[in-house]
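# Tertiary structure, described
Here's the letter readout for the chains.
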Amino acid sequence: FWNKLAISGSSLELQTFGATRASITNNGLTFNGDTAAANALSDYEEGTFTPTISGRTITTAEAYYVKIGELVRFNIIVEGLNSSLTGTDITIGGLPYASKNANGIGLVQFGDVSGVTYEVGFSSIYGRINGNVSYLQLLQQKTDGSVHDAFSGYSGKGLGTGVILRGFGWYMTA
């Protein structure tokens, strides 16, 4: 319940019982009297993007994202390839924004996975988003969780034609 709407300098303030709860400033939306530009919410967006795998046709490729400030949160579905992709570094492109300049700035967790062939001793797959890129790199995780590695150099290991990857992820934008 707002009991006062005030214009203070160049901002619009929403107050309850004399305390500022939200302000709209030149820097964006701030809360609870905070006026720091770095803390202002200045961007919100929802949308879709189409995941791609270089040199392959994907039967079903869907993704949805929400961007709040610098944070991008997304859901992704990749199902079926026109041909297997093994023994090479595997990336999924099409992310809606380039990542911030920091390696490992984002992660993707896949909860529904099939059609992946792992190297001996490896048993799960996840995605890592490095700095200044618009793609995620697929990595295989060792069964005991101690090591992760790309699929490059492992002949016959990777994604089969019947692959299913459904997951969610996040990363920071530039």
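Here is what the cut-offs are and how they apply
- Residues numbered from 1 in each chain as written.
- Predicted model: local features only at pLDDT ≥ 70, side-chain atom pairs only at ≥ 80, totals over all residues.
- Heavy atoms only, no water.
- Phe/Tyr/Trp six-rings, centres within 6.5 Å; stacked < 30°, edge-to-face > 60°.
- Helix = DSSP H or I, 4+ residues; strand = E, 2+ residues; numbered from the N terminus.
- Buried < 20%, exposed > 50% of the residue type's maximum accessible area, 1.4 Å probe, protein only.
- Lys NZ or Arg CZ within 6 Å of the ring centre and 35° of its normal.
- Salt bridge = Lys/Arg side-chain N within 4 Å of Asp/Glu carboxyl O.
- Contact = heavy atoms within 4.5 Å.

On inspection of all chains with the given rule, the structure shows five aromatic pairs. Aromatic side chains Phe-74 and Tyr-171 sit 6.1 Å apart centroid to centroid with 70° between the ring planes, which places their arrangement in the edge-to-face category. Taken as a pair, Phe-74 in strand S7 (residues 71-81) and Tyr-171 in strand S14 (residues 158-172) lie far apart in primary sequence, 97 residues in all. Here Phe-74 matches Tyr-171 in class, with each residue buried. For the ring pair Phe-122 and Tyr-154, a centre distance of 6.2 Å and an interplane angle of 55° mean the geometry is tilted. Placement of Phe-122 in strand S11 (residues 122-129) and of Tyr-154 in the loop between strand S13 (148-149) and S14 is noted, with a sequence separation of 32 residues between them. Note on accessibility: Phe-122 and Tyr-154 belong to one class, buried. Taken together, the ring pairs connect Phe-49, Tyr-65, Phe-74, Tyr-97 and Tyr-171 into an aromatic cluster. Over the ring of Tyr-97 we find Lys-67; its NZ or CZ atom is 5.2 Å from the centre of that ring.

Although it is not a glycine, Asn-32 adopts a positive phi angle of roughly 55°. A positive phi angle, near 60°, is found at Asn-132, a position not held by glycine. Mapping Asn-132 onto the fold places it in the loop between S11 and strand S12 (135-142). Among the residues examined, Asn-132 registers a relative accessible area of 49% and is labelled partly exposed.

A separate point is the pattern of salt bridges. Taken as a whole and assessed by the stated rule, the structure comprises four salt bridges. Linking Asp-43 and Lys-67 is a salt bridge whose minimum nitrogen-to-oxygen distance equals 2.3 Å. Here the residue Asp-43 occupies a position in the loop between strand S4 (28-31) and strand S5 (44-49), and Lys-67 occupies one in strand S6 (residues 58-68), the gap between them amounting to 24 residues. Lys-67 sits in the buried class, given a relative accessible area of 8%. The partner of Glu-70 in a salt bridge is Lys-100, with the nearest N and O atoms 2.9 Å apart. Placement of Glu-70 in the loop between S6 and S7 and of Lys-100 in the loop between strand S9 (91-93) and strand S10 (106-117) is noted, with a sequence separation of 30 residues between them.

Attention now moves to the environment of Gly-104. Within the secondary structure, Gly-104 sits in the loop between S9 and S10. If near-sequence neighbours (up to four positions away) are discounted, Gly-104 is found in contact with Arg-128, Ile-129 and Asn-130.

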